[in-house]
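# Reading the structure
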Amino acid sequence: MGGVKFVAAVICMVAAATVVVQAEDPYFHHVWNVTYGTASPLGVPQQVILINGQFPGPNINSTSNNNIIINVFNNLDEPFLLTWNGIQHRKNSWQDGTAGTMCPIPPGSNFTYHFQPKDQIGSYFYYPTTAMHRAAGGFGGLRVNSRLLIPVPYADPEDDYTVLIGDWYAKSHTALKKFLDSGRSLGRPDGILINGKSGKGSSGSDAPLFTMKPGKTYRVRICNVGIKTSLNFRIQNHKMKLVEMEGSHVLQNDYDSLDVHVGQCYGTIVTADQDPKDYLMVASSRFLKSVISTTGVLRYDGGKGPASSEIPAAPVGWAWSLNQFRSFRWNLTASAARPNPQGSYHYGKINITRTIKFVNTQGKADGKLRYALSGVSHTDPETPVKLAEYFGMADKVFKYNIISDSPTSDQTKTIKIEPNILNVTHRTFVEVIFENHERSVQSWHIDGYAFFAVAVEPGTWTPEKRENYNLLDAVSRHTVQVFPKCWAAVLLSFDNCGMWNVRSENMERRYLGQQLYLSVLSPESSLRDEYNMPQNSLQCGLVKGLPKPQPYA
């Protein structure tokens, strides 16, 4: 009997141990070969950037908390980096893929990214951040699905489609770079692409980009991966029910068309409720003197008949777009990526501890065109600013806080070229104002965070404007547009340690200096707040060959 009791006790102990052991989140491994290739996006052969032979690159289909491992082999003749636009990289700016956080992958070498979209769902994309590579391709869709235990506020769709729209130039990325380096603007684009194609399907044929079964519903994710042009997207005879925006479930309104500004993504539901035939998806430019459009075919399975040649009209003017922005509302009753209602985070009741106003400007520096934030046009030093800070060499590479939180008109009249890095205290709740004194529409992104876009309004911002903020259900997102002679206000909690890029999503402006970095340091240098520098991280500039600092405990 004693032996039986002992065996039973061992079984109980093993069972108890089995209960407490938790499996690690799943790993998904990818190997990407980045090469040059030839494609004809506008009907004329030109050099593009391929990933595993694909243009655009492969879609990443993930689920919240998955570990995504991507081994990127750079077979170009230039250094190369990818950023994962909108993925928050909790405590991990080492994987952000910007020149301020990582050394670029040298030609003929490789680097393995490892990131985890924790507590995130939604529609995103990736793209190159080095040189003007984004103008040649290297971009693709990135979706993060909700885990099975967390419900989404719509029925499971029949299928999930990613639509990448963007402006396109017939000149090579190297030619465009030379334009900018010489002090000239890129001018208007040569065309618009939908998933790397222009016109009705491929090479002017009516081959469909997507097919739908009559009566079924489909998830259609729309991202503007272009260089500088805001686009309007619409589908002949079909409504688009907006359900998600850059990681947040939204109130489900139907739209005939959506303005998608550079860097933005929308998740919609489209129902195949029309006569079974072909229909055109349309992407057309906004806010240009003359409209540039392209189409792609959406085909009903088993349908007969070509799409009508009558293209639905696009909206006119930026006031229409502003009103559409005002119609977007966070869905406070839907579950988020973490199992609690989105509305439980009452951001409108948190005291603001700091206000930072960024004023976008342009002008000449050393006789050449430059773009700036609050009078400073950022330039990337040879040593990434995150590495310089981590290795204790910040004072040899850059100066903190060279711009004012409230820049005066005198401070923005002239442009200085130098690294632009701001300190932000960990866990503070900050109000950021983007003020646009120009005639063009701006689009702004903050890496590492989702923020509450509480207002976009005409005129100049003053503290009294806070009376018009949406402090209840503003959408939590990572990009915001600022219309001509307007301002935008966003609120966010700086709870994610790292070095984070704030940038114009207009590639021309970002390349010529309209960006900066926010340094959010762990006050205790603890793994609780920030991950250590990965062992496989590349080292360049002043830290090349140096031993890594003592890791956080």
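Within each chain, residue numbers correspond to sequence positions counted from 1 in written order. Local features in this predicted model are restricted to residues whose pLDDT is 70 or higher, and side-chain atom pairs enter the listing and the counts only when it is 80 or higher, whereas totals over whole chains, interfaces and linings include all residues. To obtain the side-chain values, all non-hydrogen atoms of the structure were included, while hydrogens and water were left out.

### Some words on the overall build of the chain
In DSSP terms, a helix is any run of H or I states spanning at least four residues, a strand is any run of E spanning at least two, and both are numbered starting from the N terminus. Looking only at helices and strands, the chain has seven helices and 33 strands in total. For 553 residues, the compact-globule estimate of 2.2 N^0.38 gives 24 Å, and the chain sits close to it at 24 Å. Once the C-alpha set of the chain is aligned to its principal axes, its extents read approximately 85 × 65 × 55 Å. Note on classification: 1.4 Å probe, protein chains only; a residue is buried when its accessible area is under 20% of the maximum for its type, exposed when over 50%, partly exposed between these limits. A buried classification covers 56% of the 553 residues belonging to the chain. Contacts are residue-level and defined by heavy atoms, with any inter-residue pair within 4.5 Å sufficient. Put simply, 78% of the contacts in the chain that link residues at least 6 apart link residues at least 24 apart. For the chain, the accessible surface area stands at approximately 22600 Å², while carbon and sulfur atoms represent 53% of it. Lys and Arg are tallied as positive, Asp and Glu as negative. Neither His nor the chain termini are counted. To locate a charge, take atom NZ for lysine, CZ for arginine, CG for aspartate or CD for glutamate. Charge separation in the chain, taken as the distance between the mean sites of 53 positive and 46 negative side-chain charges, equals 2 Å. For the radius of gyration, the atom set is restricted to C-alpha positions; the globular benchmark scales as 2.2 Å times the number of residues to the power 0.38. All accessibility values rest on the Shrake-Rupley procedure with a 1.4 Å probe; residue burial counts only the protein chains present in the view.

### Focus: the sheet that holds strand S6 (residues 110-115)
When DSSP finds two or more bridges between a pair of strands, those strands are recorded as paired. One open sheet accounts for four strands, arranged S2-S1-S4-S6; its pairing is mixed. Looking at strand neighbours, the two that pair on one side only are strand S2 (46-51) and S6, the edges of this open sheet. In this sheet, neighbouring strand axes are inclined to one another by 20° on average, regardless of whether the strands run parallel or antiparallel. Sheet topology places strand S1 (residues 27-39) next to S2; six bridges connect them, and they run antiparallel. Within S2, the residue paired with Gly37 across the bridge is Val48. Lines are fitted to the C-alpha atoms to define the axes, a helix being fitted only along its stretch in contact, and any angle between axes, read from their N-to-C directions, falls within 0 to 180 degrees.

### What about the nonpolar core?
The term nonpolar core refers to a set of buried residues drawn from Ala, Val, Leu, Ile, Met, Phe, Trp, Tyr and Cys, joined through side-chain atoms within 4.5 Å. Judged by nonpolar contacts, the single largest core of 33 residues is most densely connected at Phe358, Phe434, Val480, Val490 and Phe494. The leading source of residues in this core is strand S31 (residues 486-493), at four residues. Discounting chain neighbours no more than four positions away, the residues touching Phe358 are Leu373, Ser374, Ile403, Leu422, Val432, Ile433, Phe434, Glu435, Val502 and Leu516. Formed by 31 residues, the second largest nonpolar core is a distinct cluster that contains Ile194, Met281, Leu298 and Val475.

### Examining the sheet that holds strand S27 (residues 442-446)
The mixed open sheet is built from five strands, whose spatial order is S25-S33-S32-S27-S30. If you trace the sheet from one side to the other, it starts and ends with strand S25 (421-424) and strand S30 (479-482), each paired once. Pairwise comparison of adjacent strand axes, ignoring direction, gives a mean angle of 20° for this sheet.

### Observations regarding the packing of aromatic side chains
Classification of ring pairs rests on two measures: the distance between centres of Phe, Tyr or Trp rings, Trp counted by its six-membered ring, which must be within 6.5 Å, and the angle between planes, read as stacked under 30 degrees, edge-to-face over 60 and tilted in between. For the coordinates displayed, the defined rule picks out 27 aromatic pairs. Centroid distance Trp330 to Phe452: 5.4 Å. Interplanar angle 70°. Geometry classified as edge-to-face. Here Trp330 is found in the loop between helix H3 (318-327) and strand S21 (354-365), whereas its partner Phe452 is found in strand S28 (residues 451-458), with 122 residues between them in sequence. Look at Trp330 and you get buried, because its relative accessible area is 6%.

### Side note on the side chain of Asn501
Structurally, the position occupied by Asn501 is in strand S32 (residues 498-504). Residue Asn501 is classed as buried on the basis of its relative accessible area of 2%. As used in this structure description, the phrase polar contact means that two N or O atoms lie within 3.5 Å; if the pair is within protein, one of them must be able to donate a hydrogen and the other to accept it, and residues adjacent in sequence are counted only when both atoms belong to side chains. At a separation of 2.8 Å, a polar atom in the side chain of Asn501 contacts the side chain of Arg503. Within polar-contact distance, the side chain of Asn501 engages the backbone oxygen of Leu516 at 3.1 Å.

### Here we look at H3
Among the residues of H3, Ser321, Leu322, Gln324 and Phe325 are the ones counted as buried. Seen end-on, H3 carries its buried residues on one side only, within an arc spanning 160°. Residues of H3 that are buried sit in contact with strand S16 (254-255), strand S17 (257-260), S28, strand S29 (476-477) and S30. What the arc covers is the set of directions going from the helix axis to the C-beta atoms.

### A short note on the pattern of salt bridges
Salt-bridge detection follows one rule: a side-chain nitrogen of Lys or Arg within 4 Å of a carboxyl oxygen of Asp or Glu. Enumeration over the complete set of coordinates arrives at 28 salt bridges. Of the charged contacts, one joins Asp181 and Lys177 as a salt bridge, the two residues approaching to 3.1 Å between their closest N and O atoms. You can see Asp181 and its partner Lys177 sitting in helix H2 (residues 173-181), four residues apart, about one turn around the helix. One network of salt bridges, with partners in common, ties together Arg134, Asp447, Arg503 and Glu505.

### Here's the deal with the confidence of the model for the chain
Per residue, pLDDT measures the predictor's confidence, with a range of 0 to 100. In the predicted model, the chain carries a mean pLDDT of 92, and the fraction of residues at 70 or more is 93%. When the criterion is pLDDT under 50, residues 1-22 qualifies, and its contacts beyond four places in sequence or with other chains add up to zero contacts.

### Observations concerning the state of the cysteines
We call a pair of cysteine sulfur atoms a disulfide whenever their separation is within 2.5 Å. Across all of its chains, the model carries two disulfides by this definition. One disulfide in the model links Cys223 with Cys265; its S-S distance is 2.1 Å. Since a negative S-S torsion denotes a left-handed disulfide, the Cys223-Cys265 link at about 115° is right-handed. Linking Cys223 in strand S12 (residues 217-224) with Cys265 in strand S18 (residues 265-271), this pair joins segments that are 42 residues apart in sequence. Accessibility assignment for this pair places Cys223 and Cys265 in one class, buried. If one numbers only the bonded cysteines of the chain, in the order they occur, the disulfide pattern is 1-4, 2-3.

### A few points about unusual backbone geometry
Across the junction of Phe55 and Pro56, the peptide omega takes the value -10°, indicating a cis bond. Position of Pro56 among the secondary structure elements: in the loop between S2 and strand S3 (60-63). Despite not being glycine, Asn237 has its phi angle at roughly 65°, a positive value. Here Asn237 lies in the loop between strand S13 (231-235) and strand S14 (240-245). A positive phi angle, close to 70°, is found at Arg427, a residue other than glycine. Topologically, Arg427 is positioned in the loop between S25 and strand S26 (429-436).

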